Amino acid sequence: MWQRLARFVLKNRILLLIILFLLTAVMAFFASKIKLSYEFSKAIPTDNPKYQDYLSFKEKFGDDGNVLVVGVQSPDFFQLKNFKAFSKLNSELKEVPYVEDVLSVANAVDLLKDTASHKLNAIPVFSKDITTQPDIDSSLKVFYSLPFYKSLLYNPSSNAYLLVVRINKNILSSKGRTKVINDIVQRTNEYTATTKIPTHISGLPLIRTQVADRIAREMKWFIIGSLVLSALILLLMFRSIKTTLLSLLVVVTGVIWSVGIMYLFGYKITLLTALIPPLIVVIGIPNCIYFLNKYHSTYKKTMDKEQSLIDMVSRMGVVTLFCNLTAAIGFAVFALTHSAILQEFGEVAGIGIMLIFVISFILLPSVLSFMKPPEQRQLKYLDFKIFTNILLKIERWVFNHKKIVYACTLVAIIFSVIGIFKLKTEGFIVDDLPKTDKIYTDLKFFENNFKGVMPLEIVIDTKKRYGLAGTRILPVLAKMDSLSSYIKKQPEMSRPLSIVQGIKFVKQGFYEGDSLNYALPNQFDVAFIGDYLKPEKDSGSKNNLSKLLTSFIDTARESTRMSINMADVGTEKLPVILNNLRQETDHIFDTSKYKITFTGSTITFLEGSRYIINGLKESLLWAFLFIALCMLYLFKSIRILICSLIPNVIPLLVTAGIMGWVGVRLKPSTVLIFSVALGIAIDVTIRFLVNYKQELPTNNFDIKKTVSETIKHTGLSIIYTSLVLIAGFIIFCFSGFGGTQSLGWLTSITLFVATLTNLILLPVLLLDMRRKR
């Protein structure tokens, strides 16, 4: 069958090339329309209860991930020059397009009672026209008498001050967000240049935007880097510019198709899908090496170009098909998980890898048929002495040192198992950024001074329409105040912001700004200040009570929210904190009367991490199952199936063990390593065993001789391919993301160990299995 396919490709080469290039042009058009994804978490299934709670929250109260914070720390903050610069920054940020609101010390307001109209007038604490230091000092006394702002806009113990920027949620879902964030960063840099006071910026809009932009930049450099590195290896190996360009044409075509498919499926570029193009390059180059290696070795024997091409396709077609199939399985199994982001990666990567086989199957023999036969200098790599000597030494180890091979294998397994017990499962929202990165250091600034910026929302549902109307809200407020006191004591969570703080502020304003009256009103107080609590009676200012009511109570007056900023504590510690918080809410609120829901981006991150980690376990099981079925179909032997799986389980154990020993945690960004490494490493096994099976009849079923011949003939292409794969994954070590770096060096180690186990342990197993049989 494969010979007929080879003759068909060569006979219809012009037509096939025209069709391939036309379709590639169409896919290039689609690929040019691909966009970046600005969604922070797509790891959770849409029918997940936690995700549904999050959607319900956003429908009632709006998005929780559209707030950016700017922090400064200086004992000279309130000096005239510095404060005027900060006020200017406050005003300039308001003028940035798509910035909806800005709250800071500079535009803080005090509520003054107007007894004639029963209004609370919002009066700026600091005048816009302030010109002298005594004016600032006088206003500062008023500001410090307002507990509402303490820990919300400033930390008195560390001289840290906060500026809160609310950005339009629609622009945050588009590429225009980059300009908005850059404009904000530019204004803060100008403030620093004027005052010499460093600024710190954080919040989900900044983290999401800058991470997404870095992904886009890295994807371009990874593609270029992998192509350049592959070109150098191919040029050194084949010593032919034309052959090198042909191989690059194959992988570039594969990259275009993979990005085009991503667009056609309606997906965008994420941290995971950005890895697909360079992975296609890394996986596509070995296809070219195996095909070309077979073509060159056959031509060296026969000196017949056409027969060599037919032999290349017929002998390597089935091998490459199953190698790509198993590699595709290693990626595609992610499509069977319940995580959307993993599903997208699995679908596109799996299809892309199978398409690179089709592309190389058509492109290589068709173009080679138009080229001149390889010259003698292009075939020198077949007799490269260094690799030939390595293979001879491997052969001696296989036949003469079996006990040492088994002993070394056992030691590696023991070492790995001990390391696996040290392996931890934990992820952080900014986990993949270097500890010296400004995003990371700024986040730590807010954690140290304001206990963090990661949003956690608590929704209190009274289960009754208008359950928060009138005096019915008072017992709810008292319970919320008790919960606030508990939360404020927690080292990982800031003081909550809720309707409680707003009403306390109103009461203080009613009692002429006396800070002792910053407390919840009782039944007696309500009789006097009831009119001031009505939204329509306030002053109409941008910082008025009606805005607070609409932000923290739903329109049905049934539910209210408590907004908390917390530290990025990680997926190991967060469930403990939430469990303790749940116990406290159950103690304060009667669960038969109230429904308490924890939601927000912090919750969705935790839930998403769980799904991704569980997806790893699922994907590995599916990968082993499908790959085992492929191996069983290909070789139709349980013994060979066992022989094929053992050399590929050991590299995975070694990788997991190394992760445990060096402290690389199992987290959403490192879950790819095992399935990806298994799918690629099994290629080496297939190529060895297929060649072994093909050579067995020609050697009169002499196992010893066939193993020896297979090591010599297939070993060379395996070494070259492994070098290309390892070099290709090493590129990921230059990433700015820790998870991608780990993918690079850990997968390279896995492939190196897989090369050793398949060239040394696998032949030993074949010899011993046959002897026992």
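The preceding data block contains the structure.
Because the structure is predicted, anything quoted here is derived from the model rather than measured.

(A) Looking closely at the side chain of T685. On the secondary structure map, T685 appears in helix 22 (residues 672–698). Side-chain polar atoms of T685 contact the side chain of N648, separated by 2.7 Å. Beyond its immediate stretch of four places on either side in the chain, T685 contacts M631, S644, N648, N758 and L762.

(B) Examining the packing of aromatic side chains more closely. Enumeration over the complete set of coordinates arrives at 32 aromatic pairs. Relative to F126, the ring of F78 has its centre 6.0 Å away and its plane inclined at 20°; by these criteria the two rings are stacked. Here F78, found in the loop between strand 1 (67–73) and helix 4 (80–95), pairs with F126, found in the loop between strand 4 (119–124) and helix 5 (133–144); they are 48 residues apart in sequence, far enough to count as distant. Centre to centre, the rings of F331 and F345 are 5.8 Å apart; their planes meet at 55°, and the pair counts as tilted. Of this pair, F331 sits in helix 10 (residues 305–332) while F345 sits in helix 11 (residues 340–370), and the two are 14 residues apart along the sequence. Its relative accessible area of 0% is what places F345 among the buried residues. Between R561 and the ring centre of F552, over which it is positioned, the NZ or CZ distance is 5.0 Å. The ring of Y633 has K636 sitting right over it, with the charged end atom 4.7 Å from the ring centre.

(C) A look at unusual backbone geometry. We note that Y98 has phi near 75°; this positive angle belongs to a residue other than glycine. Considering the arrangement of structural elements, one finds Y98 in the loop between helix 4 and strand 2 (99–104). Positive phi values are uncommon outside glycine, yet M303 reaches one of about 60°. Relative to the assigned elements, M303 resides in the loop between helix 9 (276–302) and helix 10.

(D) Fine view of the state of the cysteines. Inspection of the entire model under this criterion finds 0 disulfides. Left unpaired, C288 is separated from the closest cysteine sulfur, that of C323, by 14 Å.

(E) Main features of the pattern of salt bridges. Scanning all chains against the criterion turns up 13 salt bridges. Where E395 meets K712, a salt bridge forms, and the shortest distance between an N and an O atom there is 4.0 Å. Residue E395 is found in helix 12 (residues 385–400), and its partner K712 is found in helix 23 (residues 703–730); the two are separated by 317 residues along the sequence. Classification of E395 as buried rests on a relative accessible area of 14%. Its salt-bridge partner being K402, residue D768 comes within 3.6 Å of it at the nearest N-O pair.

What counts as what
Residues numbered from 1 in each chain as written. Predicted model: local features only at pLDDT ≥ 70, side-chain atom pairs only at ≥ 80, totals over all residues. Heavy atoms only, no water. Helix = DSSP H or I, 4+ residues; strand = E, 2+ residues; numbered from the N terminus. Polar contact = N/O pair within 3.5 Å; in protein donor to acceptor, adjacent residues only side chain to side chain. Contact = heavy atoms within 4.5 Å. Phe/Tyr/Trp six-rings, centres within 6.5 Å; stacked < 30°, edge-to-face > 60°. Buried < 20%, exposed > 50% of the residue type's maximum accessible area, 1.4 Å probe, protein only. Lys NZ or Arg CZ within 6 Å of the ring centre and 35° of its normal. Disulfide = S-S within 2.5 Å. Salt bridge = Lys/Arg side-chain N within 4 Å of Asp/Glu carboxyl O.

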